[in-house]
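Listed below, chain by chain, are the residues.
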2 protein chains.
Amino acid sequence: MQRNVSRREVLRGLSATPIALATSFLGPQSNQPALPAPPALPALRVDSRKLRERIESLSVFGRPAGGTFADGVSRTAYSDADVEGRRYVMAEMKAAGLQPRIDPAGNIFARRDGREPALPPILFGSHIDSVPGGGNFDGDLGSLSALGALDALAAAGVRTRHPLEMVVWAHEESYAFGRGLACSRIVAGDFTPADLDEVWNGFRRADAIRKIGGNPERIAEARRDKGSHHCYLELHIEQGGSLERQAIPIGVVEGIVAIDRHQVKVTGMANHAGTTPMTERQDALLAASYLTIAVREVVASEPGRQVGTVGRIEVTPNAQNVIPGVVRLTIEVRDLSPDKLKRLADRIRQRAADIARETKTSIEFTSSNHNTPANAALEVQRAIERSARRLGLASHRMPSGAGHDAQMMAQLSPMGMIFVPSVKGISHSPLELTSWEDCARGADVLLGTVLQMDSA
Amino acid sequence: MQRNVSRREVLRGLSATPIALATSFLGPQSNQPALPAPPALPALRVDSRKLRERIESLSVFGRPAGGTFADGVSRTAYSDADVEGRRYVMAEMKAAGLQPRIDPAGNIFARRDGREPALPPILFGSHIDSVPGGGNFDGDLGSLSALGALDALAAAGVRTRHPLEMVVWAHEESYAFGRGLACSRIVAGDFTPADLDEVWNGFRRADAIRKIGGNPERIAEARRDKGSHHCYLELHIEQGGSLERQAIPIGVVEGIVAIDRHQVKVTGMANHAGTTPMTERQDALLAASYLTIAVREVVASEPGRQVGTVGRIEVTPNAQNVIPGVVRLTIEVRDLSPDKLKRLADRIRQRAADIARETKTSIEFTSSNHNTPANAALEVQRAIERSARRLGLASHRMPSGAGHDAQMMAQLSPMGMIFVPSVKGISHSPLELTSWEDCARGADVLLGTVLQMDSA
């Protein structure tokens, strides 16, 4: 799993010297003279050793019994491991001189005053809940880098103009209650009191929120207004392989893609696999197979970074000696452009109609839902690029194919996200890995971006 | 569901007069002068009204609560409904003057003496267990027609040369314990004592056999030797649509096809459906889709009546936002020719290798099993044809794509099977339907074939 870091260092024209500690002000200077000179801000660094220690310490909460860091974590939202992990992070925040508080939705916030109290705060952070069988970087890196950034400012005695606020969002992953971004969604106002009655695994959502220290009776107070923040920033692992493949240490997120999701039912005729001639069959799985390939072909037929997936399929009766009668499957297509999504969906439906006719089945799109993309603000993208450049790090604009709490915060203020490479693009897996060096670089760029946005 | 019988009568050049009762000796004469004249045997008929009454009476055991005959039956082997259905059939056998006995395997036998006690018996019958959600003709028709044939002989005072033996096989369907033809298999000697320890649904097989009146301690005594019977005959619904489509009332089974079954594992790489570019994917479901289509194409590429099916598929992790990492699926191919099966399997494996390479997955055939076809004896096929001709019924030779107890009995003696049309080819479904007229014709042909074979 070990990346050949020195080869990549050479590619980037960087020295392979150890990352400087947080107290050092001497970052490498930008070597991209075509762009305007960066403003004169201190090149603060996050303590990379402390960051690593905290990620490793947090990893024990939800670790498989008898496992190591490499065995990943199952710290699903509202689990005992989640409660313990949150307790650990809050203890670290207190040790760093902060006063963490849990909002009624269960999110953890901590504020550091600025020089101009009337200004809205710069909000930044991530989450620490995981999928079952997840890794130790998704969410954890952004949450603990936010704390590391506040540490660095305190250590350097730097007081920003804007108040700063770090956040550890609760229930980001779409596992518990079947829906993700759940508690940032409450802050953005996408919530009704009836949602508190939702039951999952015999667990009422109000009780789940109470378990992590939230207050369902006052849930409405968790909501924040548009303009409550100067901006929202989040550092996250890429969860794809493009930064690693291109040997670029920093991704500047242009936006979080929109997702079209379709539930599809293919209806044929279940019949005896031994006695029904091939020409008489109405095989729902055969039709579903043509459709799966059609999704791939339609999505790949246009240039761009759109993706399309058939991830879930259920066959009835699913017996080796019975021709499949009904297949239910999901199609999802993601892209930053709603127009492109609409065009691709239309073409997939057209292909489905052709396939149904040819296979003597019916193919029905039983439900579809579409969300809108969340664009990152251009000024925040530029601040991230400046921050990377000050550290001598190459960067690259890219969409986020995955959802993040940042997309909820984009409804309240300008938003930006920083991506760091994921080894082999693996995420939501114990094999998820970002090198400690890339973690440190991401944390430094986050800190630099906070300072860039503070002066904007 | 009602077939247009009169149209078919016209096609066959038959009058639409009601079926004669069992006591009538006056069947229509053959109108196919090109064939040799049938031997002078009485053209006995089975009582078709009684046959229908018995099929309807048996249908209540395992009928869905509140349902009617049209709602089918769930009389799975060893269920309470199976025990009750067997009790009903044995009571009818006793009322007909027979002495039913249950062999140690659980099969029900009853014997009618012949004029020459040294001759081996002619064995005929079927089963009465069903799949869950099955119909009222599969098995029941053959079992109750066997009883009807014995009734007709008794009513006519006809004593055959050979002893006659009817049988109701236990546990024919492959549901309980995951394997079908279970109790005829014991009679054919394909059984080991260890099989009695098999557990299914918390139910030990020895106890299952005991529940239906068998005797697991003496199971070895259920075995019969090669040559124990003069021949074995079975009437069954076609379970396919070819007789109905061609408007032919009687199918003469040439043999029961061999089945090649393959368990296949497709391994790709599970990954995030939003962040993994299309070109980087190793999508196991995409590969499985190509393979499903390849099975269809390879099987349909040769002339003949072979069939091939992908009936079962399981995807891991099977989440709409995760690229499928592993797919397990089953392939089965059926034909009378083992050579053809081998050729088709080779071509499917070749296509799988190509697909694996193109999709960056691996496709592994983790297990395969092959059985041999069970050929019907030519002299029995000819006896069925003569019997049909004497009744003025067109017949047609065809393979059986489904398995039947007859394939086990083919190991002990010459075997033959009579098929009657299944409306729309539907079976293993409450929609399974054979017209009462076709049921009566099949029963008459069975009786005629017993007499033909008796004189052979």
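Before any of the text, the structure's been laid out above.
Along each chain, residues carry numbers from 1 onward, in the same order as the chain's sequence is written. Both sets of labels track the order of writing: A upward for chains, 1 upward for ligands. In keeping with the predicted nature of the model, local features appear solely for residues at pLDDT of at least 70, side-chain atom pairs appear and are counted solely at 80 or more, and the whole-chain, interface and lining totals rest on all residues. With hydrogens and water set aside, each side-chain value is computed from the structure's full complement of heavy atoms.

Participant: Account for the overall build of chain A, with residues named and values stated.
Facilitator: Put simply, DSSP marks the helices as runs of H or I at least four residues long and the strands as runs of E at least two long, and each gets a number from the N terminus on. For chain A, the helix and strand inventory stands at 12 helices and 18 strands. A radius of gyration in this sense is built from C-alpha atoms; the matching globule rule multiplies 2.2 Å by the number of residues raised to 0.38. The C-alpha atoms of chain A give 24 Å as radius of gyration, which agrees with the globular expectation for 456 residues (23 Å, within 12%). Taken along its principal axes, the extent of the C-alpha atoms in chain A is 80 × 55 × 45 Å. Buried residues are those whose accessible area, probed at 1.4 Å on protein chains only, stays under 20% of the maximum for their type, while exposed residues exceed 50% and partly exposed ones sit between those limits. When burial is assessed residue by residue, chain A has 59% of its 456 residues classed as buried. Contacts between residues were defined by any pair of non-hydrogen atoms, one from each residue, lying within 4.5 Å. Taking the intrachain contacts of chain A between residues at least 6 apart in sequence as the baseline, contacts between residues at least 24 apart amount to 79%. As presented, chain A carries roughly 17,600 Å² of accessible surface, and 51% of it is formed by carbon and sulfur atoms. Side-chain charges in chain A split into 54 positive and 52 negative, and the spacing between the mean points of these groups amounts to 3 Å. Shrake-Rupley sampling with a 1.4 Å probe provides the accessible areas, and residues are treated as covered by the protein chains on show and by no other component. In summary, the charge assignment counts Lys and Arg as positive and Asp and Glu as negative, without counting His or the chain termini. All charge positions are set by atom: Lys at NZ, Arg at CZ, Asp at CG, Glu at CD.

Participant: How would you explain the side chain of Arg185(A) if you had to name every residue and give the values?
Facilitator: Residue and element names in this part refer to chain A. For Arg-185, the location among the structural elements is in helix H5 (residues 182–187). According to the relative accessible area criterion, Arg-185 is buried, its value standing at 13%. Not counting chain neighbours up to four residues away, the residues in contact with Arg-185 comprise Arg-179, Gly-180, Asp-190 and Met-408.

Participant: Mind laying out the interface of chain A and chain B, listing which residues take part and the relevant values?
Facilitator: With 54 residues of chain A at the interface, the matching set in chain B holds 53 residues. Buried area: the accessible area, evaluated with a 1.4 Å probe, that two parts lose upon being put together, summed over both parts. When the buried surface of chain A facing chain B is broken down by residue, Met278(A), Arg296(A) and Gln320(A) rank first, second and third, together holding 16% of it. A carboxyl oxygen of Asp or Glu within 4 Å of a side-chain nitrogen of Lys or Arg is what we treat as a salt bridge. Counting the contacts that link chain A with chain B gives 2 salt bridges. Salt-bridge contacts for Glu280(A) lead to Arg245(B); the nearest nitrogen and oxygen are separated by 3.6 Å. Within 3.5 Å is the distance limit for a polar contact, defined as a pair of N or O atoms, with the added protein rule that one can donate a hydrogen and the other accept it, and that residues adjacent in sequence qualify only through two side-chain atoms. Inspection of the chain A/chain B interface yields 16 residue pairs in polar contact (both at pLDDT 80 or more). Put simply, the parts of the chain that give the side of chain A that touches chain B at least two residues each are strand E9 (258–267), strand E10 (271–272), helix H8 (284–300), strand E11 (307–309), strand E12 (313–316), strand E13 (322–323) and strand E14 (326–335) of chain A. Element by element, the count of residues in the side of chain A that touches chain B is highest for H8(A), at 9 residues. Its residues assigned to classes, the side of chain A that touches chain B shows 18 nonpolar, 24 polar and 12 charged. Classes in brief: Ala, Val, Leu, Ile, Met, Phe, Trp, Tyr, Cys and Pro nonpolar; Asp, Glu, Lys and Arg charged; the others, Gly included, polar.

Participant: Please set out the pairing of strand E2 (residues 108–112) of chain A residue by residue, giving values where relevant.
Facilitator: Of all 5 residues making up E2(A), 4 are buried, and the element is well covered by its neighbours. If DSSP finds at least two bridges between two strands, the strands pair. Between the antiparallel neighbours strand E1 (residues 101–102) of chain A and E2(A) lie 5 residues, among them Gly106(A) with a positive phi of about 105 degrees.

Participant: Give me helix H8 (residues 284–300) of chain B: which residues, what numbers.
Facilitator: It helps to recall that an α-helix has 3.6 residues per turn; residues three or four apart then point in one direction. All names here are of chain B. Between the first and last residue of a helix there are one fewer steps than residues, each counted as 1.5 Å, and that sum is the expected span. Its 17 residues give H8 an end-to-end C-alpha distance of 24 Å, which sits within 8% of 24 Å, the value for a rise of 1.5 Å per residue. Burial analysis of H8 places 13 of its 17 residues in the buried class, which makes it a mostly covered element. Between the side-chain oxygen at the start of H8 and the backbone nitrogen of Leu-285 there is a gap of 2.9 Å, and the oxygen is on Asp-283.

Participant: So what about the nonpolar core? Which residues, and what values?
Facilitator: By convention a nonpolar core is built from buried Ala, Val, Leu, Ile, Met, Phe, Trp, Tyr and Cys residues, the set being connected through side-chain atoms within 4.5 Å. Counting residues in each nonpolar core, the largest one holds 58 residues, and the members touching the most others are Ile331(A) and Ile331(B). Leaving out residues up to four positions away in the same chain, Ile331(A) has contacts with Asp260(A), Arg261(A), His262(A), Val264(A), Leu291(A), Val295(A), Thr309(A), Val310(A), Ile348(A) and Phe365(A).

Participant: Account for the pattern of salt bridges, with residues named and values stated.
Facilitator: All names here are of chain B. Applying the stated criterion to the full structure yields 56 salt bridges over all chains. A salt bridge links Asp-80 to Lys-211, with the shortest nitrogen-to-oxygen separation between them at 2.8 Å. One end of the pair, Asp-80, is in helix H3 (residues 80–95); the other, Lys-211, is in helix H6 (residues 205–211), and 131 residues separate them in sequence. The shortest N-O distance in the salt bridge between Arg-334 and Glu-332 comes to 2.6 Å.

Participant: Give a detailed account of the relation of the copies chain A and chain B, specifying residues and quantitative values.
Facilitator: Superposing copies: least-squares fit, C-alpha atoms only, residues required to have pLDDT of at least 70 in both. The two copies are related by a screw motion: chain A maps onto chain B through a turn of 180 degrees and a shift of 0.1 Å along the axis, at an RMSD of 0.1 Å. What we have between these two chains is a two-fold relation. Within chain A, the C-alpha atom positioned nearest to the axis of rotation is that of Ser289(A), 2.2 Å from it. Interface overlap between copies is the fraction of interface residues in one copy that are interface residues in the other; for chain A against chain B it reaches 98%, indicating a shared surface.

Participant: Please provide a residue-by-residue account of the packing of aromatic side chains, values included.
Facilitator: All names here are of chain A. Here a Phe, Tyr or Trp ring, Trp counted by its six-membered ring, pairs with any other such ring whose centre lies within 6.5 Å, and the pair is stacked when the planes are under 30 degrees apart, edge-to-face when over 60, and tilted otherwise. Going through the model one piece at a time under the given rule, you end up with 18 aromatic pairs over all chains. Their ring planes at 35 degrees and their centres at 5.9 Å tell us that Phe-61 and Tyr-88 sit as a pair that is tilted. On the criterion of sequence distance, the pair formed by Phe-61 in the loop between helix H2 (48–58) and helix H3 (80–95) and Tyr-88 in helix H3 is long-range, its members being 27 residues apart. Among the residues examined, Tyr-88 registers a relative accessible area of 15% and is labelled buried. An angle of 85 degrees between the planes, with centres 5.8 Å apart, marks the rings of Phe-109 and Trp-169 as edge-to-face. One end of the pair, Phe-109, is in strand E2; the other, Trp-169, is in strand E4 (residues 164–169), and 60 residues separate them in sequence.

Participant: Run through unusual backbone geometry, naming residues and quoting values.
Facilitator: With an omega of 5 degrees, the peptide bond between Thr316(A) and Pro317(A) qualifies as cis. Of note in the backbone geometry, Tyr78(B) takes a positive phi value of approximately 75 degrees without being a glycine. Exposure remark for Tyr78(B): the relative accessible area of 2% places this residue in the buried category. The residue Leu181(B) is not glycine, and still its phi comes out positive at about 55 degrees. Structurally, Leu181(B) is set in the loop between strand E4 (164–169) and helix H5 (182–187). The exposure class of Leu181(B) is buried, given its relative accessible area of 8%.

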